[in-house]
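Fold and contact review
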Amino acid sequence: MKKFIYSAVCLIFIIGTGAAFAADIVPDVIMMPGSQPGEVTLEDPGRCLNCHKNYELNPRVEPGFGWMGAAMGNAGRDPIFWATLAIAEQDFDGAGDLCIRCHSSGGWIGGRSTPTDGSGLRASDENGIDCDTCHQMTDPEMTVVDPVTVTPIIGTMTDPFINNSADSLVYVPGLEGYYGSGMYALSNAYGKLGPYNVGDAVARHQFTGSDFHRDVDFCGTCHDVSNSAVGQLAPNAGAQPGAPAVTRSAEVGYPLNPNLTPNDPAVLDGMAAFNNPPYAYGIVERTYSEYKSSPLSSLRVKDFVTLPADLQDTRGSLYAAYEDATINNPPDGDYVDGDLRYFSCQTCHMRPITGRGCDKANAPNRPDQPMHDQTGGNYWVYPLVYWQDQQGTLRLGGGLSAEQIEAMNDGMLRAGQHLTQAATLDVDGNIARITNMTGHKLISGYPEGRRMWLNIKFYDSQDNMIEEIGEWGPLPVPNPITNPVDSTTFVPWSIVDIDNPKLKVYEVHPAMTQKWAAALIGIGYPSTMPLSFDRLTGDVNYTLGQLAGQAPGTYHETFHFVLNNHVAFDNRIPPYQMSYDEAQKRNALPVPANQYGGSPRGVYQHWDEYDVKAAAPSHAVRADLTLYYQGTSWEYVQFLNNAVSTTATGAGAPNPVTPFLEAEGKNYLDAWVNADHNLPGGVPGTMVPPYIMATASWNDTAGCVPSPEVCTGGGDEDCDGLIDCGDPDCDADPACPSLIEWPNCFDTIDNDFDGLTDCEDRTDCDGEQDGTTTCGVGVCATTGFLECRNGAETDTCSPLQPQENNEVSCFDTLDNDCNALTDCADANCDGAIGAPTTCGVGVCEATGNLTCSNGAEVDTCTPGTPGTEGPDGDPTCTDGLDNDCDGLTDANDTDCQPAVVCSDFNNDRKGCRNAGCIYNNKTGLCTP
């Protein structure tokens with residue numbers, strides 16, 4: 001202990017001197033292995049989007065559109081990131097580098113993470129995890145080879161920043177890669193890395209095939225998050241009791257000696273981050289480790305049918321992933337090119353679709369193209385970003401385009417759908433069971449403010465609600481709270497009965513230990529530094545000094561994530577058969593560890609049960625159960641606003657907030673208060689509302705006398721525990737909608753009331769077809785049908801290919817180039833000459849051609865000039881020609897016939913009249 005206190009005194013030179021300036025040099029204890037700033041170059045995502053977006057009728061199958069709407073693609077805009085960064089920089093100057101390397105990888109690699117408050121980032125760093133972050137990433141274990149050269153694909157790293165246990169760029173047996181905390185090993189040497197090899201892609205840029213991009217470890221690069229400072233400095237290295245010891249410098253805090261040169265490789269080489277896998281120390285989140293502790297990480301998709309029946313439930317995410325993987329590659333669900341497909345992060349969060357990867361005409365239409373949406377459960381970030389953009393308070397990425405907003409709205413819908421597939425809620429008798437349908441804990445991810453809880457409303461025989469557990473509603477604050485942005489007042493909403501012993505909330509409670517608090521005060525941290533606030537009054541209700549004065553071995557729960565070194569509580573539901581021993585090694589155990597049947601050398605159950613009857617009031621006859629998820633709570637938002645200190649003494653923070661970040665807490669509060677209207681179920685004044693994951697009903701069947709179920713009666717008449725439309729007896733009743741969207745996938749109605757209409761409901765409607773459609777014009781005209789594909793209504797009608805690129809056959813009455821203009825009406829035909837033509841008769845007869853002129857068909861034939869024929873006796877009457885072009889020749893032409901003598905028809909009345917003369921009936925004379 002003496003060594004620790006002596007060495008930790010040096011920490012005061014790092015934590016601040018009262019000036020509001022972020023670190024310009026990243027502290028040694030914050031640095032971690034992997035590619036370092038400036039060692040590689042990442043292209044701006046805009047260059048990728050030139051080819052990977054805006055080429056399909058349904059943009060949802062395009063990699064670019066999916067990424068634009070993903071939380072990863074908006075990580076640099078994320079308001080909670082900026083608000084949390086402000087507190088992190090107060091708590092430990094330089095800690096912001098930890099946050100920036102995951103929330104703006106391009107900015108971090110580009111050397112713009114200093115100053116560490118993010119003020120060095122540029123506008124183009126707005127997206128967060130951009131394309132090259134993943135497509136230049138290599139496997140730190142170096143077992144993946146270039147399929148052409150058959151040599152290992154190795155990232156750009158320099159000693160001591162090599163991110164594997166052997167500290168080597170040459171593979172050795174037993175080497176363990178360091179997956180986590182954004183310790184990416186990147187390289188410019190291979191072009192773009194991805195799962196497709198030379199000969200199987202049409203990229204116009206350099207690329208190299210990489211099996212790592214389908215590997216179960218790929219996403220672990222960022223989704224185990226550890227605090228390297230706590231790992232090196234805190235008395236317990238921020239690890240769970242019973243976990244393997246952390247290797248670090250002999251004296252805790254030794255690298256902070258101000259007499260040493262910053263970032264000296266010899267010093268760094270002895271620190272925790274350089275000697276241990278990131279799961280070993282400084283717990284922040286353990287999504288990847290939770291997954292790796294479950295056999296799902298090594299289960300092939302084809303073996304889905306071997307899972308327990310509850311995990312094969314069609315409501316769950318594993319079923320959805322299995323269906324998506326096998327729909328185009330039955331029955332094994334492997335990749336079409338033969339690679340084995342496991343239940344990897346990619347299988348669930350980048351599900352296979354049918355589509356082309358880019359806009360090139362010869363790009364293959366792949367039946368298992370990974371959808372680049374990386375969808376998780378973050379439904380709430382999008383409206384917060386949108387709100388801040390409207391208010392002009394978005395730190396990066398402001399001025400959202402209509403396309404960006406559309407992509408974000410789409411991402412919000414996908415996130416909601418993922419949440420409804422993450423758990424099932426069923427009631428069997430009096431026991432409600434919540435089953436984890438994911439590959440990690442339920443819930444998982446960054447712990448501060450995230451929670452899931454079971455809301456139960458009990459009713460009596462008259463259908464009056466008599467008790468509610470887990471009520472979401474306005475808090476009984478003594479006075480309305482002032483929004484610091486615009487001075488309006490509001491009443492915050494949260495879980496009202498948070499201390500109800502019947503309430504089941506699933507969450508993590510991070511904390512700080514007494515021993516660590518005492519050490520921090522010993523090196524200059526103010527004892528008045530607030531650790532928590534009263535959620536009703538906003539007053540500080542616990543300080544660092546109070547914690548330091550507690551009994552040894554104790555702790556206090558707090559949201560200071562950059563200083564937390566202890567997990568006080570974690571009752572999140574483990575994934576399928578999570579190994580106790582593996583989870584212990586990876587600091588991913590539940591707390592206490594004996595929950596869910598856990599014990600050394602054993603496995604955890606993947607469900608939790610709740611006795612509804614035991615919680616029910618004595619006169620309750622039924623209950624409605626709702627499983628809620630909330631992305632961030634009032635308590636966390638309040639902390640991010642109240643803990644901001646603009647002076648060295650202010651709220652008791654060791655460093656004042658920098659001017660660049662000082663408004664982020666109140667800006668986030670403003671967004672959280674006002675952005676609810678953009679969310680499903682949002683009601684003005686309710687803040688960011690919780691999301692309904694699942695619902696169920698309970699009926700007290702004791703003493704029930706069965707009778708036929710009344711489908712609109714609101715009770716359980718047949719005593720089977722199922723009410724109204726929830727009872728299969730009511731399936732045929734007109735009052736009960738279909739329990740699934742199918743087969744009504746094209747009626748514009750949300751038939752199953754899950755918030756997804758028709759083709760949006762992928763689980764129910766993907767693959768369904770309807771009607772006949774037409775498309776194309778001219779020779780390209782054809783028919784197709786409507787089909788649900790990947791959550792969107794798609795018209796399968798694809799116009800036939802034109803017979804001619806430009807209209808050449810200009811006189812066949814066909815639109816051969818399919819531009820809706822036929823023959824001479826098409827400008828391409830101007831001047832075209834068609835079939836020969838004739839015109840005129842007799843000596844006027846002439847020839848010409850059909851031709852196209854000024855958009856019309858024109859006959860160039862012009863008849864000759866007529867002459868005269870006759871009179872009788874003229875040579876023109878005996879030359880065999882039709883000289884006057886009237887169609888009559890010689891004697892047949894009246895012009896050549898002798899003149900009529902009327903007197904020749906005396907006494908011939910009929911002949912006289914036929915000759916055009918006048919016949920006198922009295923005299924019989926024929927006169928002119």
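Everything numeric in this text was worked out from a predicted model, so none of it was measured. (Residues numbered from 1 in each chain as written. Predicted model: local features only at pLDDT ≥ 70, side-chain atom pairs only at ≥ 80, totals over all residues. Heavy atoms only, no water.)

1. Comments concerning the overall build of the chain
Broken down by element type, the chain carries 24 helices and 33 strands. Over its C-alpha trace the chain gives a radius of gyration of 40 Å, far above what one expects of a compact globule, namely 30 Å for 928 residues. Expressed along its principal axes, the backbone C-alpha trace of the chain runs to roughly 160 × 80 × 60 Å. Classification of the 928 residues of the chain by burial places 55% in the buried group. Here the contacts in the chain between residues at least 6 apart in sequence split such that 63% fall between residues at least 24 apart. For the chain, the accessible surface area stands at approximately 37900 Å², while carbon and sulfur atoms represent 53% of it. The average position of the 47 basic charges and that of the 125 acidic charges among the side chains of the chain differ by 8 Å. (Helix = DSSP H or I, 4+ residues; strand = E, 2+ residues; numbered from the N terminus. Rg over C-alpha atoms; globule rule 2.2 N^0.38 Å. Buried < 20%, exposed > 50% of the residue type's maximum accessible area, 1.4 Å probe, protein only. Contact = heavy atoms within 4.5 Å. Areas by Shrake-Rupley, 256 points an atom, 1.4 Å probe, with all protein chains shown as cover. Lys, Arg positive; Asp, Glu negative; His and termini not counted. Charge placed at Lys NZ, Arg CZ, Asp CG, Glu CD.)

2. Let's talk about the sheet that holds strand E28 (residues 792-795)
Pairing within the open sheet is antiparallel, and its three strands lie in the order E26-E27-E28. Because the sheet does not close on itself, it has two edges, and the strands there are strand E26 (769-775) and E28. Ignoring strand direction, the axes of neighbouring strands in this sheet form an average angle of 30 degrees. Pairing analysis gives four bridges linking strand E27 (residues 782-789) to E28, with the strands arranged antiparallel. Bridge pairing links Arg 789 to Ala 792 in E28. (Pairing = 2+ DSSP bridges. Axes fitted to C-alpha atoms, helices over the stretch in contact; angles between N-to-C directions.)

3. Examining the confidence of the model for the chain
With 93% of its residues at a pLDDT of 70 or more, the chain shows a mean pLDDT of 89. The low-confidence segment residues 1-18 (pLDDT under 50) makes 40 contacts with residues lying over four places distant or belonging to another chain. (pLDDT = per-residue confidence, 0-100.)

4. Remarks on the pattern of salt bridges
Per the counting criterion, the structure on display carries 37 salt bridges. A salt bridge links Asp 125 to Arg 112; the shortest N-O distance between them is 2.8 Å. Pair noted here: Asp 125 is in the loop between helix H7 (105-109) and helix H8 (131-135) and Arg 112 is in the loop between H7 and H8, with a separation of 13 residues, a long-range link. Residue Asp 125 shares its accessibility class with Arg 112, and that shared class is buried. Asp 700 is the salt-bridge partner of Lys 613, the closest N and O atoms lying 2.5 Å from each other. Remark: Asp 700 occurs in the loop between strand E25 (691-699) and helix H23 (762-765) and Lys 613 occurs in helix H20 (residues 612-615); sequence separation between them is 87 residues. Residue Asp 700 is classed as partly exposed on the basis of its relative accessible area, which comes to 21%. A network of salt bridges, in which partner residues are shared, links Glu 43, Arg 47, Asp 132 and Lys 192. (Salt bridge = Lys/Arg side-chain N within 4 Å of Asp/Glu carboxyl O.)

5. Points about the packing of aromatic side chains
For the coordinates displayed, the defined rule picks out 23 aromatic pairs. Aromatic side chains Phe 304 and Phe 343 sit 6.4 Å apart centroid to centroid with 50 degrees between the ring planes, which places their arrangement in the tilted category. Taken together, the residues span a long stretch of sequence, with Phe 304 in the loop between helix H12 (287-292) and helix H13 (317-326) and Phe 343 in the loop between H13 and helix H14 (345-349) at a distance of 39 residues. Summarising the aromatic geometry, the rings of Tyr 580 and Tyr 604 are spaced 6.0 Å apart at their centres and angled 20 degrees between planes, so their arrangement reads as stacked. Of this pair, Tyr 580 sits in helix H19 (residues 580-585) while Tyr 604 sits in the loop between H19 and strand E23 (607-611), placing them 24 residues apart in sequence. The class for Tyr 580 is buried, based on a relative accessible area of 11%. For Tyr 604, a relative accessible area of 2% gives the class buried. Just above the ring of Tyr 196 sits the side chain of Arg 366; from NZ or CZ to the centre is 3.6 Å. (Phe/Tyr/Trp six-rings, centres within 6.5 Å; stacked < 30°, edge-to-face > 60°. Lys NZ or Arg CZ within 6 Å of the ring centre and 35° of its normal.)

6. What about the pairing of strand E9 (residues 423-428)?
Each regular strand carries side chains that alternate between the two faces of the sheet. Sheet topology note: the E9/strand E10 (residues 431-436) ladder contains six bridges and is antiparallel. If you follow Asp 428 over to E10, its bridge partner there is Ile 431. Where E9 folds back onto E10 in an antiparallel hairpin, the turn is made up of two residues, including Gly 429, whose phi is positive at roughly 70 degrees.

7. A short note on the packing of helix H5 (residues 79-91) against helix H22 (residues 664-674)
Running from N to C, H5 and H22 cross one another at 145 degrees; their axes reach a closest spacing of 8 Å. Considering only the axes of H5 and H22, their crossing is left-handed. For the pair formed by H5 and H22, the contact residues are Pro 79, Ile 80, Trp 82 and Ala 83 on the first element and Glu 664, Gly 665 and Tyr 668 on the second. Of the residues in the contact of H5 with H22, the class split is five nonpolar, one polar and one charged. (Left-handed = near helix turned anticlockwise from the far one by under 90°. Nonpolar A, V, L, I, M, F, W, Y, C, P; charged D, E, K, R; others polar.)

8. Comments concerning the packing of helix H21 (residues 634-642) against H22
Taken N-terminus to C-terminus, the directions of H21 and H22 make an angle of 150 degrees; their axes are 7 Å apart at the nearest point. As far as their axial angle goes, H22 and H21 are roughly antiparallel. Considering how the two elements wind past one another, H21 and H22 form a crossing that is left-handed. Taking contact as the criterion, the partners of Trp 634, Val 637, Leu 640 and Asn 641 in H21 are, on H22, Gly 665, Lys 666, Tyr 668, Leu 669 and Trp 672. A breakdown of the residues in the contact of H21 with H22 according to their chemical character gives six nonpolar, two polar and one charged. (Parallel < 35°, antiparallel > 145°, perpendicular 65-115°, else oblique.)

9. Concerning the side chain of Ser 226
On the secondary structure map, Ser 226 appears in strand E5 (residues 225-226). Engagement of the side chain of Ser 226 in a polar contact is seen with the side chain of Arg 286, the distance being 3.0 Å. (Polar contact = N/O pair within 3.5 Å; in protein donor to acceptor, adjacent residues only side chain to side chain.)

10. Structural notes on the pairing of strand E12 (residues 465-469)
Sheet topology note: the strand E11 (residues 451-459)/E12 ladder contains four bridges and is antiparallel. The partner of Phe 458 across the bridge, within E12, is Glu 467. Taken together, E11 and the strand that follows it, E12, pair antiparallel across an intervening segment of five residues, in which Asp 463 is found at a positive phi of about 65 degrees.

11. Details of the state of the cysteines
The final tally for this structure, using the stated rule, is twelve disulfides. Covalently, Cys 711 is tied to Cys 730 through a disulfide, its sulfur atoms 2.0 Å apart. Linking Cys 711 and Cys 730, the disulfide has an S-S dihedral of approximately -95 degrees and is accordingly described as left-handed. One end of the pair, Cys 711, is in the loop between E25 and H23; the other, Cys 730, is in the loop between E25 and H23, with 19 residues separating them in the sequence. Both residues of the pair, Cys 711 and Cys 730, count as buried. There is a disulfide in this structure between Cys 745 and Cys 765, and the S-S distance comes to 2.1 Å. Classification of the bridge connecting Cys 745 and Cys 765 rests on its S-S torsion, roughly -85 degrees, and on that basis the disulfide is left-handed. With a gap of 20 residues between them, Cys 745 in the loop between E25 and H23 and Cys 765 in helix H23 connect regions that are remote in the sequence. You'll find Cys 745 and Cys 765 in the same group, each marked buried. The thiol sulfur of Cys 222 is not disulfide-bonded, and the nearest other cysteine sulfur, from Cys 102, lies at 4.6 Å. (Disulfide = S-S within 2.5 Å.)

12. Concerning H21
Most of H21 sits out of view: seven of its nine residues are buried. Turning to H21, its buried residues number three or more, namely Trp 634, Glu 635, Tyr 636, Val 637, Gln 638, Phe 639 and Leu 640.

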